[in-house]
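# Reading the structure
Here is how the chains run, residue by residue.
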Amino acid sequence: MVQLKVKNFGPVKSGFEDNDGYFEINKYTFFIGDQGTGKSTVAKIFSTFSWLEKAFAREYYDELSFSDFVDLCSYQRLPVEYFKSETELSYKGLAFEFSIKKEKFEFKKNNNNNKYVCPKIVYIPSERNTVSVLEDLEHIKKLPKIIKDFKSELKKANLNLEKYKRNFILNYEILYDKANDMNYIKSKDDDEKIPLIFASSGMQSIVPLMLVTDNLVQFLKLPILEKINYMSAADQEHILNNIDDSYLMSKLKLFLSSNIDKNFTEADIEKLSRNFSSFVDSTFVNIVEEPELNLFPTTQVKILESLIKHNSFQDSKLVITTHSPYILSAMNNYIYAEEVFSTKRKCLEEVSKDLFVNIDDVCAYKLEHGRIINIKDTECNLIDSSAIDDCSSVINDVYSKLMDLGE
C-alpha cells in the first residue's frame, strides 16, 4: 500500500499526527475540508510522486535534484513558496521511496519492485469546465500546462469515441466534430444537438471528466501489443532493447512496422506481460477534484458510481477531493452493501454488486487547521460523513430555535 507524508507544505502544517506522519493512499481515498485547507495540495503531491515512481521504474531518471522536484511540482501549480526549510514530503510506493527534507531530495529502490504494476495516471482538475467552454484553448497564452494536457487527453478521448462505442453519458449522447474540435450533446428525448459550450455547467463538468476517464479505462483493457503500439518510439525502443529473446524481438519489430500480430503465441504474450509489467500501463490512478461540481445530488451519486466501476483494475486507485456529503454518504452505502452481502449473503436491488466496496480498501481524511485527520470510523466500519456535514446540524439547530420562538 502507498503511504504519503506531507508536513509544513503550503496550508498543510502539522500534517498527519500518527504513524510518524505517514497516512495511507488506498484503492479509494477521499479528502474533505474547507476551502484552502490543502485537499488539492495533498492530491497534487500524491499525483507528482506517483508519476515520479513511474518515471523511475521506466528508467527515465537515475537521479533527481531538489530543484528538479520543485520544477515538477510547478506543473501542478504548487508554488515554490510552499517549500520551506522545514518542509517534509515523503512517499512510500511499491517500487520506490522518495523523501524531501531540509531541501534535499532522496530516493531508494524497494526490494518488492517486481510487484509494481505500471499505472496510467490522470489528474482531473476542478477547472475542467474551461476545456468545455474555451475555444482555441491551445493558443491561449499562460494557460496552465495541466489544463493544456487535460485538453489533450480530452481530444484523444473524443477521437476514440466511435472506436470504443461508449459515447453516452447519463441520458445524453456525446458527439464530436473533429474539424472544429467541438463536443455536442443530444438528449435521448430530443433530436436537437447542443454545442457543449452552450450546455449547462453541470454537463460542461461531467463530459470532460467521464470522457477522459472512460477512454483511459478502455485503453487499459487493450491487449499488450496494442498498448505497445501506442507508445512513443523511445518507449518502444526501450522494450526492444530489453527483450532477451531475439526471436520474440524480431516478431515485435515486425508488428511495430507492419502491424502483423498473427505470429505471436500465447507464450509470447505472457512473456511480454510478465517482463514489462513495470513499463506497460496496466492499472489506473484516477485523481479527481470535486466530481460534484455544478451537479444535482442524484447526479453526483451517479458520477461516483461510474468512477467506482472504472476503478476495478489490480492496484488501481481512485483519489477524490470533495465538499459533498452525498458523495461520502453514497460511498457508505456501497461499503455497507458489501458487508451485508459478505455476512448475510443478501443484497439490495438498488445496489449492484459492481458497486460493492470493501472497507479495507477505503481511506478518508479531513484537512483542518493544517492537520490531516483520519475520518474512517473503525467501530462502524464506515466513513464518518458527519465530518463533512456539520453545517446541516447548525442549520437544523437554528431552525429548531426558530420553531421554539414561533410557538
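Residues numbered from 1 in each chain as written. Predicted model: local features only at pLDDT ≥ 70, side-chain atom pairs only at ≥ 80, totals over all residues. Heavy atoms only, no water.

## Here we look at the pairing of strand 1 (residues 2–7)
Note the cut-off: Classification of residues uses two cut-offs on accessible area relative to the type maximum, computed with a 1.4 Å probe and protein chains only: under 20% is buried, over 50% is exposed, and between them is partly exposed. By definition, any uninterrupted DSSP run of H or I lasting at least four residues is a helix, any uninterrupted run of E lasting at least two residues is a strand, and each is numbered from the N terminus. Note on pairing: DSSP must find at least two bridges between two strands before they are called paired.
Burial of strand 1 is extensive: five of the six residues sit out of reach of the surface. Pairing of strand 1 with strand 3 (residues 23–25) involves three bridges; the strand directions are antiparallel. Each bridged residue has a counterpart across the sheet, and for L4 the counterpart in strand 3 is F23. Bridging between strand 1 and strand 5 (residues 88–92) involves five bridges; their strand directions are antiparallel.

## Focus on the packing of aromatic side chains
Stated formally: Think of it this way: a Phe, Tyr or Trp ring, Trp meaning its six-membered ring, pairs with another when their centres are within 6.5 Å, and the plane angle makes it stacked under 30 degrees, edge-to-face over 60, tilted otherwise. Note on criteria: charge over ring means Lys NZ or Arg CZ within 6 Å of the ring centre, with the direction from the centre no more than 35 degrees off the ring normal.
The full count for this structure, using the stated rule, is 25 aromatic pairs. Ring geometry for F255 versus F264: centroids 6.3 Å apart, planes at 85 degrees, classification edge-to-face. In terms of burial, F255 and F264 fall into one category: buried. Lying across the ring of F219, K120 places its NZ or CZ 4.9 Å from the centre. For the cation-ring pair, R345 lies above F341, with the distance from its terminal atom to the ring centre recorded as 4.2 Å.

## Digging into the environment of I185
Selection criterion: Any two residues whose heavy atoms approach within 4.5 Å at even a single point are treated as in contact.
Along the polypeptide, I185 turns up in strand 11 (residues 182–187). A relative accessible area of 5% means that I185 is categorised as buried. Spatially, the C-alpha atoms of I185 and I169 are 9.3 Å apart, while their sequence positions differ by 16 residues. Apart from the residues lying within four places of it in its own chain, the contact partners of I185 are Y172, E173, I174, E192, K193, I194, L196, A199, M203 and V207.

## Describing the sheet that holds strand 15 (residues 362–368)
Rules: For helices, the fitted line uses only the C-alpha atoms of the stretch in contact; every axis is such a line through C-alpha atoms, and the angle between N-to-C directions lies from 0 to 180 degrees.
One open sheet accounts for seven strands, arranged 2-16-15-4-14-13-8; its pairing is mixed. Looking at strand neighbours, the two that pair on one side only are strand 2 (15–16) and strand 8 (119–124), the edges of this open sheet. Direction of pairing for strand 2 relative to strand 16 (residues 371–374): parallel, over a ladder of two bridges. Counted as the bridge partner of F16 is I372 from strand 16. Against the sheet, helix 1 (residues 39–57) contacts strand 4 (28–33), strand 8, strand 13 (283–289), strand 14 (317–322), strand 15 and strand 16, and its axis sits at roughly 155 degrees relative to strand 8. Across the sheet, helix 11 (residues 297–309) lies against strand 4, strand 13 and strand 14, angled at about 155 degrees from strand 14, the strand it touches most.

## Things to note about the nonpolar core
Our working definition: Remark: nonpolar core denotes a set of buried residues (Ala, Val, Leu, Ile, Met, Phe, Trp, Tyr, Cys) joined through side-chain atoms within 4.5 Å.
Grouped together as the largest cluster of nonpolar side chains are 104 residues, with contacts concentrated most on L4, F23, F69 and M331. Here the element with the most residues in this core is helix 6 (residues 201–220); it accounts for eleven residues. Residues contacting L4, with those up to four places away along its chain left out, are G21, Y22, F23, I25, V42, I45, F46, F49, S90 and Y91. Residues L225, L248, F255 and L272 belong to the second largest nonpolar core, which totals 15 residues.

## Here's the deal with unusual backbone geometry
The backbone of R77 shows a phi angle near 60 degrees, a positive value even though the residue is not glycine. Looking at the secondary structure, you find R77 in the loop between helix 2 (66–75) and strand 5. Judged by relative accessible area, R77 falls into the partly exposed class, the value being 36%. A positive phi is found at N294, a non-glycine position, where the angle reads about 60 degrees. Among the secondary structure elements, N294 is positioned in the loop between strand 13 and helix 11. Residue class for N294 comes out partly exposed when judged on its relative accessible area of 46%.

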